[in-house]
Amino acid sequence: MACTDIPEYDFSLFKGDDKTKKFRYKAGGEVVDITGYIIQLETNIISLQKTASIPDPVTGEFNFVFAKADTGNLTEKRVKYKVVYYPTGLLGDKVTKFTGSINLNSKGIT
């Protein structure tokens with residue numbers, strides 16, 4: 001798969017907020033059973049690197065959980081990331097499924 005074939009998805013987080021970012025893996029419009037998968041979000045910021053929780057593998061659902069401490073002290077405004085799948089665990093093949101940017105927004109004055 002050429003790099004240009006990897007989908008991109010950007011999303012935003014407010015610095016200092018708790019946030020769960022939810023995803024669902026589909027192929028050809030059909031949900032993929034991700035039982036046994038390890039899914040990771042990779043970036044150059046250690047506090048943003050995550051291993052997904054998989055609440056219901058049969059429905060393809062997976063989540064990345066960001067805590068206040070992960071983003072509260074970051075000075076970056078935008079961070080590139082990629083999501084990689086290990087369909088047979090960490091000793092198996094690594095497949096990049098999508099890439100993008102995390103936009104880190106400061107909270108407005110309330």
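What counts, and where the lines are drawn
- Every chain is numbered independently, its residues counted from 1 as its sequence is written.
- At least 70 in pLDDT is required for a residue's local features to be given in this predicted model, at least 80 for side-chain atom pairs to be given and counted, and no such filter applies to totals for whole chains, interfaces and linings, which use all residues.
- Side-chain numbers come from the whole structure's heavy atoms, not from hydrogens or water.
- A strand pair is defined by DSSP finding two or more bridges across the two strands.
- Numbering goes from the N terminus for both helices and strands, where a helix is a DSSP run of H or I of at least four residues and a strand is a run of E of at least two.
- Helix axes are fitted only over the stretch in contact, all axes being lines through C-alpha atoms; the angle between N-to-C directions runs from 0 to 180 degrees.
- The salt bridge definition used is simple: a Lys or Arg side-chain nitrogen within 4 Å of an Asp or Glu carboxyl oxygen.
- Exposed residues in this analysis have more than 50% of their type's maximum accessible area, buried residues have under 20%, and partly exposed residues fall in between, with area computed by a 1.4 Å probe over protein chains only.
- A contact between two residues is defined here by any heavy atoms of the two lying within 4.5 Å.

Peer 1: Describe the sheet that holds strand β6 (residues 50-51), with residues and values.
Peer 2: An order of β1-β10-β9-β5-β6 is seen for the five strands of this open sheet, with the pairing classed as mixed. Where the open sheet ends on each side, the last strands, each with one partner, are β1 (11-14) and β6.

Peer 1: Please give an account of the pairing of strand β7 (residues 53-56) that cites residues and values.
Peer 2: Working note: regular strand, side chains alternate between the two faces of the sheet. When β7 meets strand β8 (residues 61-66), the two strands line up antiparallel, connected through two bridges. If you follow D56 over to β8, its bridge partner there is E61. Hairpin connection between β7 and β8: a loop of four residues separates the two successive antiparallel strands, and G60 in this loop has a positive phi of roughly 75°.

Peer 1: Which residues make up the sheet that holds strand β2 (residues 19-24), and what values do they have?
Peer 2: Strand order in the open sheet formed by three strands is β2-β8-β7, with antiparallel pairing between adjacent strands. The open sheet has two edge strands with one neighbour each: β2 and β7. Across the sheet, the mean angle from the axis of one strand to that of its neighbour is 30°, orientation sign disregarded.

Peer 1: Run through the pattern of salt bridges, naming residues and quoting values.
Peer 2: Oppositely charged side chains can pair when the atoms bearing their charge come close. Under the criterion given, the structure shown has four salt bridges. Put simply, E61 and R24 hold a salt bridge, and the shortest N to O gap is 3.5 Å. Of the two residues, E61 is situated in strand β8 and R24 in strand β2; the sequence distance between them amounts to 37 residues. A salt bridge links E42 to K94; its shortest N-O distance comes to 3.2 Å. Of this pair, E42 sits in strand β5 (residues 38-43) while K94 sits in the loop between β9 (78-86) and β10 (95-105), placing them 52 residues apart in sequence. Among the residues examined, K94 registers a relative accessible area of 42% and is labelled partly exposed.

Peer 1: Quick rundown of the side chain of N63? Include the residues and the values.
Peer 2: The residue N63 is located in strand β8 in this model. Note on N63: relative accessible area 11%, which makes it buried. When sequence neighbours within four positions are dropped, the list of residues in contact with N63 reads T20, K21, K22, F23, A52, S53 and P55.

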